[in-house]
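Listed below are the residues making up each chain.
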Amino acid sequence: PLTLEEVRMLVELFYLPYHHGALAQQLLEHFRWLRANSLSVGVPATAPDACGGTRWRGRAQSFQLLCARTCRLHSRLVSTASRALLYDLHPYLWDIRNLLLAASAFVLWLGCQSIGAPMLLGRDAEPWARRGGLFGELQALLPVGNSCDLFYHPPPLFPSSQLYLLRPLLPLDKRGGQWVLGVLSEGGGCSKVSQGLQAQFSPAPALPGRLLGSFLSLSPEYTFVLEDEGGPCGYAAGALHAEGFLQQRDSSWLPAIRHKYPPELGTGGPALGQEAVLFFHAEPLAVPQPVLRRFPSLVQLGTAPRVLDVGASRSLALCLLSALRANGSRGVFCQVSDTDRQQLSFYSKLG
């Protein structure tokens, strides 16, 4: 059963509409301070204000622990509460969990930036655009807080106790010149993904190279990883300036990949390998200039089929969009084949 401490946490998260319990107050205070002081991150240890970076990381760690406790509370409630209590309380705790997954990863991302960027917030939202309580205040602190459509989604019919971790791609993910994120071997909502998400492949590029290779090589700072107890199970990747990214992809990255993997390499191999090799030798479709002017950033997301909780996918999207918005993006687009039903279904579920 739930412990007394867990029940106390639950009460503190939803204490009163305009009066927070201790846990909720701590979450808000940490998040406000971390966002306001993020410019102190990335300071060399020998710099005069290195203690500012140390303090920031200490508070970031405290915030991460509070977020993890709340995510565990959601999992525990689903596993142990009576069905009547669970279905009454689950929508509220599910919302908070999803928002804290995104907020926690956003704070981690701020800590990975070598140059702090000014936080760009939208105009003040109409009163109806945000909910009350802790959820509404956390929503307002994310750079995309006024995009209310991102935050409204019905909870799953069958609650899941699965624990998730959402984080940015880290330097530790790079091994021997390769980005290795683990396995999304079951296929993704965005596309079927085979063994190992890597920027370099041997002996032939698997489908992950087609999905993520250019992002991992040219824009790794806007790549996020979703993990569950089985390992990596989703990703979100973006390019802040899509026009420059696509030009660099076509002028340098693609020619290098084509040289490394000539068309004949896939001959006689598995159909998936042949498809991936031929994909690199096809000319990519040009993005119309009006699209690039109105939506200057490119995004791509996907999850493994085992991720049935759409809340985790929305947290991925929310975190990536927050990072892009914090660095000045005015809008994003994604490229989807009109014949890829998996991709279309995935993005439709995100809203």
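Cut-offs applied
Residues numbered from 1 in each chain as written. Predicted model: local features only at pLDDT ≥ 70, side-chain atom pairs only at ≥ 80, totals over all residues. Heavy atoms only, no water. Axes fitted to C-alpha atoms, helices over the stretch in contact; angles between N-to-C directions. Helix = DSSP H or I, 4+ residues; strand = E, 2+ residues; numbered from the N terminus. Parallel < 35°, antiparallel > 145°, perpendicular 65-115°, else oblique. Left-handed = near helix turned anticlockwise from the far one by under 90°. Contact = heavy atoms within 4.5 Å. Nonpolar A, V, L, I, M, F, W, Y, C, P; charged D, E, K, R; others polar. Salt bridge = Lys/Arg side-chain N within 4 Å of Asp/Glu carboxyl O. Buried < 20%, exposed > 50% of the residue type's maximum accessible area, 1.4 Å probe, protein only. Phe/Tyr/Trp six-rings, centres within 6.5 Å; stacked < 30°, edge-to-face > 60°. Pairing = 2+ DSSP bridges. Core = buried A, V, L, I, M, F, W, Y, C linked by side-chain atoms within 4.5 Å. Domains from an automatic or database assignment. pLDDT = per-residue confidence, 0-100. Patch = residues over 30% accessible without salt bridge, like charges linked within 9 Å, V, L, I, M, F, W, Y side chains within 5 Å. Areas by Shrake-Rupley, 256 points an atom, 1.4 Å probe, with all protein chains shown as cover.

**So, the packing of helix α4 (residues 83-112) against helix α5 (residues 133-141)**
When two helices pack together, their arrangement is given by the angle between their axes and by how far apart the axes lie. Put simply, α4 and α5 touch, their axes get as near as 10 Å, and they point 20° apart. Between α4 and α5, the crossing angle belongs to the class labelled roughly parallel. For α4 against α5, the interelement crossing comes out left-handed. Counted together, Asp95, Ile96, Leu99 and Leu100 of α4 and Leu134, Phe135, Leu138 and Gln139 of α5 form the full contact between these two elements. Its residues assigned to classes, the contact of α4 with α5 comprises six nonpolar, one polar and one charged.

**A word on the pattern of salt bridges**
Following the criterion strictly, the structure yields eight salt bridges and no others. Taking the shortest distance from any N to any O, the salt bridge between Glu5 and Arg8 comes out at 2.9 Å. Of the two residues, Glu5 and Arg8 are both situated in helix α1 (residues 4-13); the distance of three residues between them amounts to about one turn of the helix. Residue classification places Arg8 among the partly exposed positions, given a relative accessible area of 39%. Salt bridges sharing partners connect three or more residues here, namely Glu5, Arg8 and Arg69.

**Focus on the packing of aromatic side chains**
The geometry of an aromatic ring pair comes down to the distance between the two centres and the angle between the two planes. Within the structure shown, the criterion is met by six aromatic pairs. Relative to Tyr92, the ring of Phe14 lies with its centre 6.3 Å away and its plane at 65°, an arrangement referred to as edge-to-face. Of the two residues, Phe14 sits in the loop between α1 and α2 (22-36) while Tyr92 sits in helix α4, which places them 78 residues apart along the sequence. Consider the rings of Phe106 and Trp109, whose centres lie 5.8 Å apart with planes at 20°: the pair is stacked. Of this pair, Phe106 and Trp109 both sit in helix α4, three residues apart, roughly one helical turn. Grouping residues by exposure puts Phe106 and Trp109 together as buried. Members of the aromatic cluster, connected to one another through ring pairs, are Phe106, Trp109 and Tyr222.

**A few points about the sheet that holds strand β6 (residues 297-303)**
Strand order in the open sheet made by the five strands is β1-β4-β5-β6-β7, with mixed pairing throughout. Two strands close off the open sheet at either side, each with one partner strand: β1 (165-168) and β7 (332-333). This element, helix α7 (residues 242-260), spans β5 (231-239), β6 and β7 of the sheet and lies at about 75° to β6. Against the sheet, helix α10 (residues 310-326) makes contact with β1, β4 (223-228), β5, β6 and β7, and its axis sits at roughly 160° relative to β6, the strand it touches most.

**Thoughts on the pairing of β5**
In terms of burial, β5 is a largely internal element, nine of the nine residues being buried. Of the strand pairs in this sheet, β4 and β5 are connected by six bridges, and their pairing is antiparallel. Pairing of Asp228 across the sheet is with Gly231, part of β5. Taken together, β4 and the strand that follows it, β5, pair antiparallel across an intervening segment of two residues.

**Comments concerning the nonpolar core**
By size, the foremost hydrophobic cluster in this structure holds 65 residues, and its most contacted members are Leu27, Phe31 and Phe224. The biggest single contributor to this core is α4, with 13 residues. Counting contributing residues, this core receives three or more from each of domain 1 (1-146) and domain 2 (162-188 + 204-350). In this structure Phe31 touches Phe63, Ala103, Phe106, Val107, Leu138, Leu141 and Leu142, once residues within four positions along its chain are discounted. In terms of nonpolar packing, the next biggest core, distinct from the first, is built from 15 residues, Leu169, Val225, Leu246 and Phe333 among them.

**Overview of the confidence of the model for the chain**
The predicted model of the chain averages 81 in pLDDT, with 77% of residues at 70 or higher. This stretch, residues 182-205, has a pLDDT under 50; its non-local contacts, to residues over four places away or in other chains, come to 95 contacts.

**Brief notes about a nonpolar patch on the surface**
Together, Val7, Val11, Tyr15 and Leu16 give the surface a local cluster of nonpolar side chains, amounting to about 360 Å² of exposed area. Among the structural elements, Val7 can be located in helix α1.

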